[in-house]
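Here is how the chains run, residue by residue.
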Amino acid sequence: MDDNFGPSKFLTPNRRQVLQMLGAATAFSALPLRSSFAARPIRIGFVSPTTGPLAVFAESDDFVLAQVREKVKDGIEINGTRYAVEIIHKDSQSNPNRAAEVAGELILSNQIDLMVAGNTPETVNPVADQCEANDIPCIT
């Protein structure tokens, strides 16, 4: 029997479903949305160097995060179910070891569904390694 089919496939979102949800967030952001949420929120982790010598690369992060949070403030609706969207931002402190540490926290403690990292290889590479090791989709 093929493991790609069956009811257990739909109990927790896989990479493709999370990416579809994010696409749906963009598509549905212009529509009026209800404010009641019926399902576990979609958690997105974001790691960037907001302090330290590489902070100059992350100067626009607060502005971009505010814009994204505004777009998804009422959540997104997928197949009739409303999902809240939580974006959890962590500072890598311009340190690759710290980037790996906060990525691990986001994955294991915050139970994120998707990771986003950016700005410098010192942040992106260790975050991507953590995501690969923990089977979490990562956009860098």
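Residues numbered from 1 in each chain as written. Predicted model: local features only at pLDDT ≥ 70, side-chain atom pairs only at ≥ 80, totals over all residues. Heavy atoms only, no water.

Draft legend 1. Spatial organisation of the pattern of salt bridges. The full count for this structure, using the stated rule, is six salt bridges. Measuring nitrogen to oxygen at the nearest pair gives 3.5 Å for the salt bridge that ties Glu 105 to Lys 90. Of this pair, Glu 105 sits in helix H3 (residues 96-108) while Lys 90 sits in strand S4 (residues 85-91), and the two are 15 residues apart along the sequence. A relative accessible area of 27% places Glu 105 in the partly exposed class. (Salt bridge = Lys/Arg side-chain N within 4 Å of Asp/Glu carboxyl O. Helix = DSSP H or I, 4+ residues; strand = E, 2+ residues; numbered from the N terminus. Buried < 20%, exposed > 50% of the residue type's maximum accessible area, 1.4 Å probe, protein only.)

Draft legend 2. Just the confidence of the model for the protein, in detail. In the predicted model, the protein carries a mean pLDDT of 82, and the fraction of residues at 70 or more is 72%. When mean pLDDT is compared element by element in the protein, H3 scores highest at 96, while helix H1 (residues 15-28) scores lowest at 59. In the model, residues 27-35 has pLDDT below 50 throughout and makes 10 contacts with residues more than four positions away in sequence or in other chains. (pLDDT = per-residue confidence, 0-100. Contact = heavy atoms within 4.5 Å.)

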